[in-house]
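Descriptive analysis of the structure
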Amino acid sequence: MNKKISMIGVPMDLGQSRRGVDMGPSAIRYAGAIEKLQELDYQIHDLGDIPINRPDQRENLNNGTNLKNLDQVIEGNALLADKVDKEIENGAFPLILGGDHSIAIGSLAGISKHYDNLGVIWYDAHGDLNTGDTSPSGNIHGMPLAVSLGLGDERLTNILGYAPKIKPENIVIVGARSLDPGERELIQNKGIRVYTMHEVDRMGMSNVIEETISYLKEKTDGVHLSLDLDALDPVEAPGVGTPVLGGLTYRESHLAMEMLADSELITSAEFVEVNPILDEKNKTGEMAVGLMGSLFGEKLK
């Protein structure tokens, strides 16, 4: 894996309705992310945080749509996309810390420019495949995967001036257990590969990740890992923006990261939705760092 890492924080909490996840990048850094990666012989360039402007009124809908805080989410993601684009041009591995999952719009916009067939592993309790027409809430953090497929508001889909960013056949969702009706329909129509908790329980994480690697290996020229901490069960990871019971264990997630490290497929990554206000002594931030260590090659022996 690329030994030169550019760490970018995105203190975004406007893609959803719950405060606190904007402190996620700080919580992950405080839990020792930089020190962990330095111990593994990576060169870390911490670029600090993308500035996020706040609306005068939270959940601002004065944008002609039902999308909350659209203008600010577009602005933040455009800045992130530009920053990620430049870091890849400089030969670095982009490691993005969130913030809510709407920041994946900017991540993928900046990353996909550099690949013909970017693969995406979406490690998440949710599909994040809603659009303004299907979303029950208008929360943009439930839309980044759809936006990256070119679906939804054009101001989001066309960040950096091109769309779509990714192809449905290059996506694998792992850990899903909360899908809205519109998302289920889109998954079926687009043929998106999804491993729900049913498949994880039945097949085991080892087989799920083996199949994921095999599915993506031959047809992609890079793979982005988008890891939402709510993929883990909230009993283990309580400090997340949208907890859903019945999730993955910490140990299963370590195994997944270790297998991805061995595959040498991952070319960029983000860890999102850490909310220290809802956490217990930064337990979830520390889990993010632990999983980060496994992804970047940490082994017991």
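Residues numbered from 1 in each chain as written. Predicted model: local features only at pLDDT ≥ 70, side-chain atom pairs only at ≥ 80, totals over all residues. Heavy atoms only, no water.

Structural notes on unusual backbone geometry
Quick note on the threshold: By definition, any uninterrupted DSSP run of H or I lasting at least four residues is a helix, any uninterrupted run of E lasting at least two residues is a strand, and each is numbered from the N terminus.
Residues Gly98 and Gly99 are joined by a peptide bond in cis, for which omega reads 20°. Position of Gly99 relative to the elements: it lies in the loop between β3 (93-98) and α4 (104-112). Cis geometry is adopted by the peptide bond preceding Pro164, which originates at Ala163 and carries an omega value of -5°. Assignment of secondary structure puts Pro164 in the loop between α6 (154-157) and β5 (171-176).

Regarding the UniProt feature "binding site: Mn(2+) 1" (unreviewed entry) in the protein
For the record, the criterion: UniProt positions are given in the numbering used here, feature names are shortened, and annotations may be inferred rather than shown by experiment. Only protein chains enter the area calculation, which uses a 1.4 Å probe; residues under 20% of their type maximum are buried, those over 50% are exposed, and those in between are partly exposed. Note on definitions: a residue-residue contact is assigned when non-hydrogen atoms from the two residues lie within 4.5 Å. Polar contact is defined as a pair of N or O atoms within 3.5 Å, subject to the rule that within protein one atom must be able to donate a hydrogen and the other to accept it, and that residues adjacent in sequence are counted only when both atoms are side-chain atoms.
As recorded in UniProt, the feature "binding site: Mn(2+) 1" (unreviewed entry) lies at His101, Asp128, Asp228 and Asp230. A stretch of 130 residues holds the annotated residues, and the largest C-alpha distance among them is 12.3 Å, short enough that they meet in one place. Structurally, Asp128 can be placed in the loop between β4 (118-123) and α5 (144-148). Residue classification places Asp128 among the buried positions, given a relative accessible area of 5%. Ignoring any residue separated from it by four or fewer positions in sequence, one finds Asp128 in contact with His101, Trp122, His141, Gly142, Met143, Pro144, Leu145, Ala146 and Glu183. Reaching out from Asp128, the side chain makes a polar contact with the side chain of Trp122 at a distance of 3.2 Å. Mapping Asp228 onto the fold places it in strand β7 (residues 222-228). Its relative accessible area of 2% is what places Asp228 among the buried residues. Every residue in contact with Asp228, bar those within four places of it in the chain, is listed here: His101, Tyr123, Asp124, Val272 and Glu273.

Brief notes about the pattern of salt bridges
Side chains bearing opposite charge may pair, as long as their charged atoms lie close to each other. Rules: Each reported salt bridge corresponds to a side-chain nitrogen of Lys or Arg within 4 Å of a carboxyl oxygen of Asp or Glu.
Per the counting criterion, the structure on display carries eleven salt bridges. With a shortest N-O distance of 2.8 Å, Asp49 and Arg29 are connected by a salt bridge. Here Asp49 is found in strand β2 (residues 43-49), whereas its partner Arg29 is found in helix α1 (residues 24-30), with 20 residues between them in sequence. Arg155 is the partner of Asp153 in a salt bridge, and the nearest nitrogen-oxygen pair spans 3.1 Å. Each of Asp13, Arg19, Asp22 and Arg54 takes part in one network of salt bridges that share partners.

Things to note about the UniProt feature "binding site: Mn(2+) 2" (unreviewed entry) in the protein
Sequence positions flagged by UniProt for "binding site: Mn(2+) 2" (unreviewed entry) are, in local numbering, Asp124 and His126. Position of Asp124 relative to the elements: it lies in the loop between β4 and α5. If near-sequence neighbours (up to four positions away) are discounted, Asp124 is found in contact with His101, Val174, Gly175, Ala176, Asp228, Asp230 and Ala231. A polar atom in the side chain of Asp124 sits 3.0 Å from the side chain of His101. Inspection of the secondary structure assignment puts His126 in the loop between β4 and α5. Filtering out sequence-adjacent residues up to four positions away, His126 remains in contact with Ile173, Ser178, Leu179, Asp230, Thr242 and Val244.

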